[in-house]
Amino acid sequence: MSDQTYLSLENLSLAYGKTTAVKDLNLTIRKGELLALLGPSGCGKTTTMRAIAGLMNPVGGKIVLDGRDITHVPANKREIGLVFQSYALFPHLTVFENVAFGLRMKGVQGNELRQKVEAGLKSVGLLSFAERKATDLSGGQQQRVSLARSMVVQPKLLMLDEPLSNLDARLRLDMRSELQRLQKETGMTMIFVTHDQVEALALADKIVVMRNGAIEQIGTPEDIYNRPATDFVADFVGFENIFKLRDGKLIADGKEFALGAECPNAPGLAWRPGMVTLGEGPFSGTVLGVSFAGNIRGYVLDTPLGPIRAEVDAARPAYTLGEQVAFDLPVASAAPLHRVG
Amino acid sequence: MIRRLFTPLTLFLMMLFLIGPFLIIVAASFSAGETLAFPPQGFSFRWIIKVFTIESFRQSFGVSMFLAIGGTLAALILGIPASYAMSRYRLPFAETVRFLVSMPIIVPGIIVGLALLRYFVIPVGMSVTLALFVAHTALILPYAVRVVSASLANLRADIEEAAVILGSSRLGAFFRVVLPNIRGGILSAFILGFVTSFNQVPVSLFLSGPGVRTLPIDMLGYMENVFDPSIAALSSLLAFLSIGIVFAAERFLGFSRYV
């Protein structure tokens, strides 16, 4: 992994007709990095990916790949691989011919073609399926064919659109480790788009959280998970108790609440349910809901601060519905937010 | 008991009503007699053989074949890009085009024929063959657009993008990825167009000239003068030709999936 920028998006703006999809996006990726574009549907992540691939023209900005401005290079000349969410295999061709397509476009023929295609199929464990019709394969197999098809041409950048979302739970784990293995083996720079924070956290070196066509936060999985920059990111990665701060006090329901300790100078604070202490503290609330989840028990409390979600060790005695419970939002464990709303 | 018999009986009567006349014609074509009659008098192949010796039939068969094949090809050449554009791009006048394209099915054929004669053949001197060709192409176009559109609708658009990303040009992607996948639809459209054109009477009615007549029109003319079983023989031959084509199409292409 070098420190040099490999792909950079500079003030990239994208639109569908008059509807702006992405505005002034700036992003850099180093060679060999595995980057996740994370966000809810409609946040512009897929649009950004399509623009990088050349499937849509930016209304403004620049895309530079490997030192070359590719903003106006047509998609078929960009040497970027894309694994579609639907896999987009060619239904009239065999698995072998699907994988061979890109190589044939490059003029690879004969023995060389056969060897490269077979190596590609072998790397995804589908060599024995070479002569089958591509669309006769299962979803997971189709995805691997699609992956091999994109990788055999050795693109400068490989992008994957929701690579795991169409697979069932077990296949998802397999595919996740397979992607990591392939990326490690080939050292290929990869970008994948996902709406699932678990996927992004598990796979990526770097995560870009997007919202409404703009970047909300860029960081390592640890950054995103532990130090969300905004209330949106915090909510997205499971901080369910998010508050605005003013003059060191929590703002809820238009009222101010003093916290037990000195507050950091931040516009907001966020707590995961597990960070809330139950049984002691300056606040109190009524138990609205209890849910048992194996090793932990989750509570919803009705409090002057609004609903508070808490999780505690299930081994502790359970509170019952309607019970008054004291609780604390410990400042020490809270994630300070840089921006709220 | 009556209820249980009712359904099969109705079905039987319907089939009899639909297929009966056809069976009569087929039976009549093997007649040995001199006139078109049922029940047929005797059994022979003489009228079937005679069909092939009638010069005007041979000529009009050629005209009909030319119109059916040429018209269908022309309709496909116009219809495939039109269907493609309508299915893949949001065009400003897509609905208007779709409507215009289906007009020839809605407008009675006889009016189309008369209009072409009155406004093209007579004043402009357009040849009858050309007028027939234009009429048949227009008539087949709706079928071509419809059937090809149906198979395009079943084809994901992202496979074209996949082809482009793998290095193919847009046009190349159309030929490499789109056409092979709608081959079945195109062949079905061809067969449907061919049969529609070949059996076409109203449009062709006004459009006949010296030496230029479609086969069905020629058959009408023949029957006005000669009332022998050769018409029945020819009708049977044509019916079997159509059935054969459709059967082969269904067998090898799954024709009914597209229509």
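Residues numbered from 1 in each chain as written. Chains lettered and ligands numbered in written order. Predicted model: local features only at pLDDT ≥ 70, side-chain atom pairs only at ≥ 80, totals over all residues. Heavy atoms only, no water.

S.K.: Is there a simple way to explain the overall build of chain B in this structure?
M.R.: Scanning chain B for helices and strands turns up twelve helices and zero strands. Counting from the amino terminus, chain B carries its helices and strands in the arrangement α-α-α-α-α-α-α-α-α-α-α-α. Expressed along its principal axes, the backbone C-alpha trace of chain B runs to roughly 70 × 65 × 30 Å. Residues classed as buried in chain B amount to 45% of the 259 residues present. When contacts within chain B are restricted to residue pairs at least 6 apart in sequence, those whose partners lie at least 24 apart make up 70%. Put simply, chain B shows about 14200 Å² of open surface, and 73% of that area lies on carbon and sulfur atoms. Side chains of chain B carry 17 positive and 10 negative charges; the gap between the two charge centres is 8 Å. (Helix = DSSP H or I, 4+ residues; strand = E, 2+ residues; numbered from the N terminus. Buried < 20%, exposed > 50% of the residue type's maximum accessible area, 1.4 Å probe, protein only. Contact = heavy atoms within 4.5 Å. Areas by Shrake-Rupley, 256 points an atom, 1.4 Å probe, with all protein chains shown as cover. Lys, Arg positive; Asp, Glu negative; His and termini not counted. Charge placed at Lys NZ, Arg CZ, Asp CG, Glu CD.)

S.K.: Would you explain the pattern of salt bridges in this entry?
M.R.: Pairing between side chains of opposite charge can happen when their charged atoms approach one another. Residue and element names in this part refer to chain A. Tallying each qualifying case throughout the model produces 24 salt bridges over all chains. Between glutamate 10 and lysine 62 there is a salt bridge; the shortest N-O distance is 4.0 Å. Here glutamate 10 is found in strand β1 (residues 5-16), whereas its partner lysine 62 is found in strand β4 (residues 60-65), with 52 residues between them in sequence. Residue classification places glutamate 10 among the partly exposed positions, given a relative accessible area of 32%. Its salt-bridge partner being glutamate 240, residue arginine 309 comes within 3.6 Å of it at the nearest N-O pair. Separated by 69 residues along the polypeptide, arginine 309 in strand β17 (residues 306-313) and glutamate 240 in the loop between α8 (231-236) and β11 (241-246) bring together distant segments of the chain. Owing to a relative accessible area of 35%, arginine 309 belongs among the partly exposed residues under this scheme. What makes glutamate 240 partly exposed here is its relative accessible area of 43%. (Salt bridge = Lys/Arg side-chain N within 4 Å of Asp/Glu carboxyl O.)

S.K.: Would you mind going over the nonpolar core with me for this structure?
M.R.: Soluble, globular proteins show a tendency: their nonpolar side chains are buried together. All names here are of chain A. Judged by nonpolar contacts, the single largest core of 116 residues is most densely connected at Leu7, Phe90, Leu147, Met159 and Ile191. Formed jointly, this core draws a minimum of three residues from each of two domains, domain 1 (5-234) and domain 2 (240-337). Residues in contact with leucine 7, not counting those within four places in the same chain, are Leu27, Thr28, Ile29, Ile52, Ile63, Val64, Leu65, Leu157 and Ile191. If you look at the next biggest cluster of nonpolar residues, it comprises 25 residues, including Phe257, Leu259, Cys263 and Leu269. (Core = buried A, V, L, I, M, F, W, Y, C linked by side-chain atoms within 4.5 Å. Domains from an automatic or database assignment.)

S.K.: What's the story with the layout of surface pockets in this structure? I'm lost.
M.R.: If a probe as big as a water molecule is rolled over the atoms, it shows which places are left empty. When its volume is computed, the largest pocket comes out at roughly 550 Å³. As for the largest pocket, its lining consists of 17 residues, of which A:Arg50, A:Leu55, B:Arg88, B:Tyr89 and B:Glu161 are closest to the centre. If you tally residues by element for the lining of the largest pocket, the top one is helix α7 (residues 158-165) of chain B, at three residues. Within the lining of the largest pocket, the residues separate by chemical class into eight nonpolar, one polar and eight charged. (1 Å grid on protein atoms, 1.4 Å probe; cavity = no way out; pocket = protein on both sides within 12 Å on 5 of 7 lines; lining within 4 Å. Points joined across faces, edges and corners; volume = space filled by probe spheres on them. Nonpolar A, V, L, I, M, F, W, Y, C, P; charged D, E, K, R; others polar.)

S.K.: Sorry if this is basic, but what is going on with the sheet that holds β1(A) here?
M.R.: Strand pairing within a sheet occurs via backbone hydrogen bonds; the two strands may be parallel or antiparallel. Residue and element names in this part refer to chain A. An order of β2-β1-β4-β5 is seen for the four strands of this open sheet, with the pairing classed as antiparallel. Two strands bound the open sheet, and with one partner strand each, they are β2 (19-30) and β5 (68-69). Bridge count between β1 and β2: eight bridges; the pairing is antiparallel. Bridge pairing in β2 links leucine 14 to valine 22. Contacts between helix α1 (residues 45-53) and the sheet are confined to β1, β2 and β4, with β1 contributing the most and set at about 115° to the helix. (Pairing = 2+ DSSP bridges. Axes fitted to C-alpha atoms, helices over the stretch in contact; angles between N-to-C directions.)

S.K.: In this structure, what is going on with the packing of aromatic side chains? I would like to understand it.
M.R.: Given two aromatic rings, one states the distance between the centres and the angle between the planes to describe the pair. A complete count under the given rule lists 17 aromatic pairs over all chains for this structure. Arranged with centres 5.5 Å apart and planes meeting at 80°, the rings of B:Phe43 and B:Phe45 form a pair that is edge-to-face. Judged by its relative accessible area of 57%, B:Phe43 is exposed. Clustering of aromatic rings is evident, with ring pairs tying together B:Phe61, B:Phe190, B:Phe194 and B:Phe198. Here the basic side chain of A:Arg149 rests over the ring of A:Phe90, its NZ or CZ set 4.6 Å away from the ring centre. When the ring centre of B:Tyr119 is taken as origin, the NZ or CZ atom of B:Arg118, which lies over that ring, is 5.1 Å away. (Phe/Tyr/Trp six-rings, centres within 6.5 Å; stacked < 30°, edge-to-face > 60°. Lys NZ or Arg CZ within 6 Å of the ring centre and 35° of its normal.)

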